[in-house]
Amino acid sequence: MAQQVVIANAAPLSDKFCGSSSYYVTTALLVISITKSKVAMKLKRAITAIVLVSVFAAPVAAGTFEDAVDAHARGDYAKALRLIRPLANDGDAAAQYNLALMYMTGRGVQQDYAVAAIWLRKAAEQGYAFAQSNLGTLYRDGRGVPENDAEAVVWFRKAADQGDPVAQFLLGGQYATGQGVAWDYAEALLWFQKAAEQGHPAARFYLGVMYAKGDGVPQDYVRAHMWFSLSAAQGNQEAVKTLEMAERKMTAAQIAEAQRLARDWKPATQPPPR
């Protein structure tokens, strides 16, 4: 049975992204902007706040891996590295992923995105979803590998198909900006929806944006309000501000209906990514 282990208290991608969207207001109309250039810039910031999470299922190495987790949590990165590296060399995907993250963050080693990419690829090629999504971000940003949005999309899709909400959100972002794929709001909406249903706050916010603007879906302030509310409830201050602006364009009945939908909303159940 897989054991989920957090080896560092880093902010999740979604939290980093939440305060980064762009919107404009006129006196008569709520206008929320998801332009290619602006979203691309915001998405590229996500790489700096990766969740160091592993799914460990190899009982033989459990003690060593857990010791590495403990050492990392205590800030003893040298010991964590000493314990993780042999596991990675032996082909353990979780260890390869975590070793890659140590190179990405410069903890216990000199920061080196090229080496991180090597270890991420090893884990990604074994189907490790977290490695796949992070390898995609390296290709998207050109860190340690040549910048290649098409290759980024390949890896985002592999992780997204396994149910990783971060990858689903990032894949939606590629479609929303037309990077590595044809610009397609309907497809962006689909992937934002999948991530939003798993609780990804930035995906919820952008889903609300798309409903408010009518991008890829008929304009619907009630649905937009619902998604803004769900994102705001997770602490997304941008969603709080946008929610207030959306209400100025809505009737009391519409607001009440949106609030009811938010109260009654139930998350979708998906198998956790590997």
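Placed above this text is the structure.
To keep things clear, this report deals only with the structure shown in the data block. Quantities reported herein were computed from a predicted structural model and do not represent experimental measurements.

### A look at the packing of helix α11 (residues 201–213) against helix α12 (residues 221–232)
- For the pair α11 and α12, interaxial distance at closest approach is 8 Å and the crossing angle is 160°. Between α11 and α12, the angle is such that the two are roughly antiparallel. In the crossing of α11 with α12, the sense of the turn from one axis to the other is left-handed. Residues Pro201, Arg204, Phe205, Leu207, Gly208, Val209, Tyr211 and Ala212 of α11 pack against Tyr221, Arg223, Ala224, Trp227, Phe228, Leu230 and Ser231 of α12.
- Across the contact of α11 with α12, the residue classes tally to 11 nonpolar, 2 polar and 2 charged.

### Re the environment of lysine 266
- Following the sequence through the fold, lysine 266 ends up in the segment after α14 (252–264).
- For the pair formed by lysine 266 and glutamine 198, sequence separation is 68 residues and the distance between their alpha carbons is 9.7 Å.

### Considerations on helix α4 (residues 77–89)
- Here α4 is 13 residues long and its end C-alpha atoms lie 18 Å apart, about the 18 Å a rise of 1.5 Å per residue gives.
- Buried within α4 we find Ala80, Leu81, Leu83, Ile84, Leu87 and Ala88.
- In the segment just after α4, glycine 91 is the residue with positive phi, at about 100°.

### A closer look at the packing of aromatic side chains
- All chains considered together, the criterion is met by 10 aromatic pairs.
- Between phenylalanine 169 and phenylalanine 192, the aromatic rings sit 5.7 Å apart at their centres with planes inclined by 35°, giving tilted as the arrangement. In this pair, phenylalanine 169 is assigned in helix α9 (residues 165–177) and phenylalanine 192 in helix α10 (residues 185–197), connecting sequence segments 23 residues apart. Summarising the burial analysis for this pair, phenylalanine 169 and phenylalanine 192 share the class buried.
- Where phenylalanine 169 meets tyrosine 206, the ring centres are 6.4 Å apart and the plane angle is 45°; that geometry is what we call tilted. Here phenylalanine 169 is found in helix α9, whereas its partner tyrosine 206 is found in helix α11, with 37 residues between them in sequence. In this structure, phenylalanine 169 and tyrosine 206 share a single accessibility class: buried.
- Sitting over the face of the ring of tryptophan 155, lysine 158 holds its NZ or CZ atom 5.7 Å from the ring centroid.
- When the ring centre of tryptophan 191 is taken as origin, the NZ or CZ atom of lysine 194, which lies over that ring, is 5.6 Å away.

### Brief notes about the pattern of salt bridges
- Across all of its chains, the model carries 6 salt bridges by this definition.
- Close ionic contact of arginine 74 with aspartate 70 constitutes a salt bridge, the shortest N to O distance being 2.9 Å.
- Note on arginine 74: relative accessible area 48%, which makes it partly exposed.
- Glutamate 257 is paired through a salt bridge with arginine 260; the nearest N and O atoms lie 2.7 Å apart. Linking glutamate 257 with arginine 260, this pair stays in helix α14, spanning 3 residues, or about one helical turn.
- Overall, glutamate 257 belongs to the partly exposed group, its relative accessible area being 32%.
- Each of Glu257, Arg260 and Asp264 takes part in one network of salt bridges that share partners.

### Some remarks on the environment of valine 217
- As for its placement among the helices and strands, valine 217 is situated in the loop between α11 and α12.
- When the C-alpha positions of valine 217 and leucine 189 are compared, they lie 7.9 Å apart, and in sequence the two are 28 residues distant.
- If we skip the residues at most four places from it in the chain, valine 217 touches Leu189, Met210 and Tyr211.

Parameters and conventions
Sequence order as written defines residue numbering, which begins from 1 separately in each chain. Given that the model is predicted, a residue must reach a pLDDT of at least 70 before its local features are reported, and side-chain atom pairs must reach 80 or more before they are shown or counted; all residues, however, enter totals for whole chains, interfaces and linings. Hydrogens are left out, water is left out, and the side-chain values use all remaining heavy atoms of the structure. Geometry is summarised by axes, namely lines fitted to C-alpha atoms with helices restricted to the contacting stretch, and by angles between N-to-C directions that run from 0 to 180 degrees. Helix and strand definitions here come from DSSP, where helices need a minimum of 4 consecutive H or I residues and strands a minimum of 2 consecutive E residues; each element is numbered from the N-terminal end. Working definition: roughly parallel below 35 degrees, roughly antiparallel above 145 degrees, roughly perpendicular at 65 to 115 degrees, and oblique for all remaining angles. Each helix crossing is assigned a hand: it is left-handed if the near helix lies turned anticlockwise from the far helix by less than a right angle, otherwise right-handed if that turn is clockwise. What makes two residues a contact is simply this: any of their non-hydrogen atoms within 4.5 Å. When residues are sorted by character, Ala, Val, Leu, Ile, Met, Phe, Trp, Tyr, Cys and Pro go into the nonpolar class, Asp, Glu, Lys and Arg into the charged class, and all the rest, Gly among them, into the polar class. Every helix has an expected span of 1.5 Å times one less than the residues it contains. The cut-offs for exposure are 20% and 50% of the maximum accessible area for each residue type, with area from a 1.4 Å probe on protein chains only; residues under the lower value are buried, those over the upper are exposed, and the others partly exposed. Only rings of Phe, Tyr and Trp enter the pairing, Trp through its six-membered ring, and a pair is recorded when the two centres are within 6.5 Å. The plane angle decides the type: under 30 degrees is stacked, over 60 is edge-to-face, the rest tilted. Here, a charge over a ring means that NZ of Lys or CZ of Arg falls within 6 Å of the ring centre while also lying within 35 degrees of the ring normal. Each reported salt bridge corresponds to a side-chain nitrogen of Lys or Arg within 4 Å of a carboxyl oxygen of Asp or Glu.

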